[in-house]
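Observations on the model geometry
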Amino acid sequence: MARPDNETRTAAKERIKQTKATRDAAHQAAEEAKKKADEAMWKSIASELDANNLLQADVAEVTEFSRDHVLRRTKQYRTQQDD
């Protein structure tokens with residue numbers, strides 16, 4: 001098989017560079033979306049806990065996270081810290 005010439009290689013490398021940039025941007029957007037979704041979920045859980053609508057044990061059961069994880073993740077959003 002013949003080797004590609006420099007012009008062909010340069011053009012192909014540029015296409016790969018652009019494809020990687022598109023991929024990197026998509027990954028960044030996905031990470032940001034995940035971060036926002038996590039924050040919204042933990043704020044909602046904290047609000048339910050503050051309203052005394054459920055217990056940390058209930059959240060742990062539904063989310064399948066440990067009670068300690070629930071405590072750590074909701075602490076910054078809680079207005080009441082009595083759980």
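Our subject in this report is the structure included herewith. (Residues numbered from 1 in each chain as written. Predicted model: local features only at pLDDT ≥ 70, side-chain atom pairs only at ≥ 80, totals over all residues. Heavy atoms only, no water.)

Moving on to the side chain of Asp50. Within the element layout of this structure, Asp50 appears in helix H1 (residues 6–50). Apart from residues lying up to four places away in sequence, Asp50 is in contact with Tyr77, Arg78, Thr79 and Gln80. (Helix = DSSP H or I, 4+ residues; strand = E, 2+ residues; numbered from the N terminus. Contact = heavy atoms within 4.5 Å.)

The backbone of Asn52 shows a phi angle near 55°, a positive value even though the residue is not glycine. By the secondary structure assignment, Asn52 is in the loop between H1 and helix H2 (56–63). The backbone of Glu64 sits at a positive phi, close to 65°, despite the residue not being glycine. Checked against the element boundaries, Glu64 lands in the loop between H2 and helix H3 (67–74).

Taking 1.5 Å as the rise per residue, H1 with 45 residues should run 66 Å; its terminal C-alpha atoms sit 65 Å apart, in good agreement. Taken together, the buried residues of H1 touch H2 and H3. Its side-chain oxygen placed 3.3 Å from the backbone nitrogen of Glu7, Asp5 serves as the N-cap of H1. (Expected span 1.5 Å × (residues − 1). Polar contact = N/O pair within 3.5 Å; in protein donor to acceptor, adjacent residues only side chain to side chain.)

When we look at a pair of aromatic rings, we describe it by the centre distance and by the angle of the planes. Following the criterion strictly, the structure yields one aromatic pair and no others. Centroid distance Trp42 to Phe65: 5.5 Å. Interplanar angle 40°. Geometry classified as tilted. In this pair, Trp42 is assigned in helix H1 and Phe65 in the loop between H2 and H3, connecting sequence segments 23 residues apart. Judged by its relative accessible area of 34%, Phe65 falls in the partly exposed class. (Phe/Tyr/Trp six-rings, centres within 6.5 Å; stacked < 30°, edge-to-face > 60°. Buried < 20%, exposed > 50% of the residue type's maximum accessible area, 1.4 Å probe, protein only.)

The subject of this paragraph is the environment of Asp38. Tracing the backbone shows Asp38 in helix H1. For Asp38, a relative accessible area of 28% puts it in the partly exposed group. C-alpha of Asp38 to C-alpha of Arg73: the two residues are 35 residues apart in sequence and 9.5 Å apart in space.

Two elements in contact, H2 and H3, have axes whose closest approach is 8 Å; the angle formed by their N-to-C orientations is 105°. Considered as vectors, H2 and H3 are oriented roughly perpendicular to each other. Contacts between H2 and H3 pair Gln56, Ala57, Val59, Ala60 and Thr63 from the former with Arg67, Val70 and Leu71 from the latter. When its residues are assigned to classes, the contact of H2 with H3 shows five nonpolar, two polar and one charged. (Axes fitted to C-alpha atoms, helices over the stretch in contact; angles between N-to-C directions. Parallel < 35°, antiparallel > 145°, perpendicular 65-115°, else oblique. Nonpolar A, V, L, I, M, F, W, Y, C, P; charged D, E, K, R; others polar.)

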